[in-house]
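These are the residues of each chain, in order.
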Amino acid sequence: MTRIRVSDNGRFLQYECGSPFFYLGDTAWELFHRLSRDEAGHYLSVRARQRFTVVQAVALAEQQFDQPNPYGDLPLLHNDPAQPNDRYFQHVDWVVARAADLGLTVALLPTWGDKWNRKWGGGPEIFTPDNAHAYGRWLGTRYCEAPLIWVLGGDRPIETPAHLEIVRAMAAGLREGDGGVHLMTFHPCGQHTSAQWLHDEPWLDFNMLQSGHTFDRDNWRSVADDYARCPVKPCMDGEPGYEDHPSGFEPANGYLDAAQARKFAYWALFAGAHGHTYGCHSVWQMWEPGREPITAARIPWREALHLPGADQMRHVRALMESRPFLTRVPDQLLVTTPPGDGPEHVAATRDAEGRYAFVYLPLGGEVALDRSRMSSANLRAQWFDPRTGATLPCEAPEDGPVYRSPSDGDDWVLVVDAAP
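Values in this document were obtained by computation on a predicted structure and should not be read as measured data.

*Asks:* What is the right way to look at the nonpolar core in this model?
*Replies:* As a rule of thumb, nonpolar side chains are buried together in soluble globular proteins. Of all hydrophobic cores here, the largest spans 107 residues; its most connected members are Tyr-23, Leu-31, Phe-32, Tyr-43, Leu-152 and Phe-270. The residues touching Leu-152, leaving out its near neighbours within four places in the chain, are Val-167, Met-170, Ala-171, Leu-174, Met-184, Thr-185, Phe-186, His-187 and Trp-203. Counting residues in each nonpolar core, the second largest holds 19 residues, with Val-335, Val-359, Ala-381 and Leu-414 among its members.

Below, the structure is given as structure tokens:
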């Protein structure tokens, strides 16, 4: 297993050898529960070809918890976390190993949050501090050699001291079981961040927020808030608006599309996130005809794997890995034109030494830069197309530092390099 750790500056993830690890995740919450091995293998192969690096999946899933997996196995005996069903976890073993063969890291949620804070959903609440610790230790031991990231939580808030005690006990069990070799975070409910309850917990290696499923959700604000916290920890949006999800959970509002998925990714990354998670509404639930759709899912999951936003995430990764990775900082002062607070918000990031800068324009148009924030007055600029990954030439401004995108109404990334 090649270990992933937090970078020395506390902002990013990297391999032990020092090379950066870009977390480009996909939400596949029902992967272990609903898919056979042939189906899971197909899903993983497609996401690997699309250049994802992480798959987020849940051992004790939310949906139809009392229904077995395709092989007739439930995850627990007698709904007791201290009695995991080995046959069920043999299937989990296979999926984790297959993902590793394809170069994917599984971000594994030991349980969905309704099993320790039902609040809404099916439950049942089955965790206590004692069995949470035992279950965590069992999981940590079983997967101590697997390339994983542990994700506690599961879309529920920590509302009582008892909830916090359960989460802490599970984290301690995982650490005992795997010897601390895996990173650990917490997946919160919508419009919340793990930092709200857990920022100072020593086991929380990086913060994760869930910005939620609404048009133009300004996730950059939440990322910026987490980025500014002390002590410094990496942060990310682990559940933004899903592609083909009804905005606000109401189909009458319209469905989020690829442009929204791209916007959430570039906004979050340029605000300081170390990585980003994409999601598709039909894929997280592995919906197909004959299965009850959740919140108006409408595209079979195999077809939904190839929605435009999913294929375009590879361009996000390519851009972020095209320049020095571990020295990137958010810098809104780079933009001297009004950045805007709504759907038109312009986001900027650059190398700490000013060797390069990226500026995201969700609706195109003009942007002016403060060139003094770059390491050289001699700048080379080009336009990066988030839809295709292509680069287009950018003429140097004749009068002042104003750049105009190739088209209006489309999103573009201005890429600026400081020449030696």
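*Asks:* Would you explain helix H8 (residues 258-270) in this entry?
*Replies:* Since the α-helix turns once every 3.6 residues, residues separated by three or four places project in the same direction. With 13 residues, H8 extends 18 Å between its outermost C-alpha atoms, agreeing within 8% with the 18 Å of an ideal straight helix rising 1.5 Å per residue. With 12 of its 13 residues buried, H8 lies for the most part within the structure. Every buried residue belonging to H8 is among Ala-258, Gln-260, Ala-261, Arg-262, Lys-263, Phe-264, Ala-265, Tyr-266, Trp-267, Ala-268, Leu-269 and Phe-270, and all of these are buried. Structurally, the start of H8 carries an N-cap: the backbone nitrogen of Ala-259 is 3.2 Å from a side-chain oxygen of Asp-257. Downstream of H8 by one or two residues, Gly-272 has phi in the positive range, about 125 degrees.

*Asks:* Looking at this structure, how should I read the sheet that holds strand S17 (residues 379-384)?
*Replies:* Strand order in the open sheet made by the 6 strands is S13-S14-S15-S20-S17-S18, with antiparallel pairing throughout. The outermost strands of the open sheet, each flanked by one partner alone, are strand S13 (328-330) and strand S18 (391-393). Across the sheet, the axes of successive neighbouring strands diverge by a mean angle of 25 degrees, strand direction being ignored. In this sheet, strand S20 (residues 412-418) lies alongside strand S15 (residues 356-361) in antiparallel orientation, the contact comprising 6 bridges. If you follow Phe-358 over to S20, its bridge partner there is Val-415. Relative to S15, H8 is tilted by about 140 degrees, and along the sheet it contacts S13, strand S14 (347-351), S15, S17 and S20.

*Asks:* Please clarify how the packing of helix H7 (residues 219-227) against H8 should be interpreted in this entry.
*Replies:* A packed helix pair is summarised by two numbers, namely the angle formed by the two axes and the spacing between the axes. Where H7 meets H8, the axes come as close as 8 Å, and the angle between the chain directions of the two elements is 25 degrees. With respect to H8, the axis of H7 lies roughly parallel. Seen from above, H7 lies across H8 with right-handed handedness. Where H7 abuts H8, its residues Asn-219, Trp-220 and Val-223 lie against Phe-264, Trp-267 and Ala-268. Residue classes in the contact of H7 with H8 are distributed as 5 nonpolar, 1 polar and no charged.

*Asks:* What am I meant to see in the environment of His-315 here?
*Replies:* Its place among the elements puts His-315 in helix H11 (residues 308-320). Given the relative accessible area of 14%, His-315 is considered buried. On a C-alpha basis, the gap between His-315 and Pro-251 in space is 29 Å, while along the polypeptide they are 64 residues apart. With residues up to four places along the chain from it excluded, the contact list for His-315 reads Tyr-266, Phe-384, Pro-386, Arg-387, Thr-388 and Gly-389.

*Asks:* It is not clear to me how the side chain of His-163 should be interpreted in this structure. Could you clarify?
*Replies:* Following the sequence through the fold, His-163 ends up in helix H5 (residues 161-178). Within the local environment of His-163, its side chain forms a polar contact with the backbone nitrogen of Glu-159, the two atoms lying 3.1 Å apart. With residues near it in sequence (within four places) discarded, His-163 still touches Trp-116, Asn-117, Pro-157 and Ile-158.

*Asks:* How should I be thinking about the pairing of S14 in this particular structure?
*Replies:* For a regular strand, the rule is simple: side chains alternate between the two faces of the sheet. Of all 5 residues in S14, 5 are buried, a share of seventy percent or more. As paired elements, S13 and S14 share 3 bridges and run antiparallel to each other. Residue pairing for S14: Val-329 is matched across the bridge by Arg-350. Pairing analysis gives 4 bridges linking S14 to S15, with the strands arranged antiparallel. Note that in S15 the partner of Thr-349 across the bridge is Phe-358.

*Asks:* Any chance you could explain the pairing of S17 here in plain terms?
*Replies:* Strand direction decides the pairing type here: S17 and S20, joined by 6 bridges, are antiparallel. In the sheet register, Gln-382 faces S20, and the bridge partner there is Val-415. Two strands pair when backbone bridges link them, and S17 and S18 are joined in this way by 3 bridges, in the antiparallel orientation. Paired with Trp-383 across the two strands is Leu-392, which belongs to S18. With antiparallel pairing between neighbouring strands as the criterion, S17 and S18 make up a hairpin whose turn holds 6 residues, including Gly-389 at a positive phi of roughly 80 degrees.

*Asks:* What should I look at first to understand H5 in this one?
*Replies:* Taking 1.5 Å as the rise per residue, H5 with 18 residues should run 26 Å; its terminal C-alpha atoms sit 26 Å apart, in good agreement. Those residues of H5 that are buried lie in contact with helix H4 (129-142), strand S7 (148-153), strand S8 (184-187) and helix H6 (195-198). Of the residues flanking the end of H5, it is Gly-179, one or two places downstream, whose phi is positive at about 70 degrees.

*Asks:* Where do I start with the sheet that holds strand S2 (residues 13-15) in this structure?
*Replies:* The strand order S1-S2-S3 describes an open sheet built from 3 strands, whose pairing is antiparallel. Across the chains shown, the open sheet's two edge strands, defined by having one partner strand only, are strand S1 (4-6) and strand S3 (20-21). Bridging between S1 and S2 involves 3 bridges; their strand directions are antiparallel. Bridging across to S2, Val-6 finds its partner in Leu-13.

*Asks:* Can you walk me through the packing of aromatic side chains in this structure?
*Replies:* Here the distance between the centres and the angle between the planes together describe a pair of aromatic rings. Going through the model one piece at a time under the given rule, you end up with 15 aromatic pairs. Summarising the aromatic geometry, the rings of Phe-89 and Trp-138 are spaced 4.9 Å apart at their centres and angled 75 degrees between planes, so their arrangement reads as edge-to-face. Linking Phe-89 in helix H3 (residues 86-101) with Trp-138 in helix H4, this pair joins segments that are 49 residues apart in sequence. Pairing Tyr-356 with Phe-358 gives two aromatic rings, centres 5.0 Å apart and planes at 45 degrees, and the pair type is tilted.

So, how was this worked out
Residues numbered from 1 in each chain as written. Predicted model: local features only at pLDDT ≥ 70, side-chain atom pairs only at ≥ 80, totals over all residues. Heavy atoms only, no water. Core = buried A, V, L, I, M, F, W, Y, C linked by side-chain atoms within 4.5 Å. Buried < 20%, exposed > 50% of the residue type's maximum accessible area, 1.4 Å probe, protein only. Contact = heavy atoms within 4.5 Å. Helix = DSSP H or I, 4+ residues; strand = E, 2+ residues; numbered from the N terminus. Expected span 1.5 Å × (residues − 1). Polar contact = N/O pair within 3.5 Å; in protein donor to acceptor, adjacent residues only side chain to side chain. Pairing = 2+ DSSP bridges. Axes fitted to C-alpha atoms, helices over the stretch in contact; angles between N-to-C directions. Parallel < 35°, antiparallel > 145°, perpendicular 65-115°, else oblique. Left-handed = near helix turned anticlockwise from the far one by under 90°. Nonpolar A, V, L, I, M, F, W, Y, C, P; charged D, E, K, R; others polar. Phe/Tyr/Trp six-rings, centres within 6.5 Å; stacked < 30°, edge-to-face > 60°.

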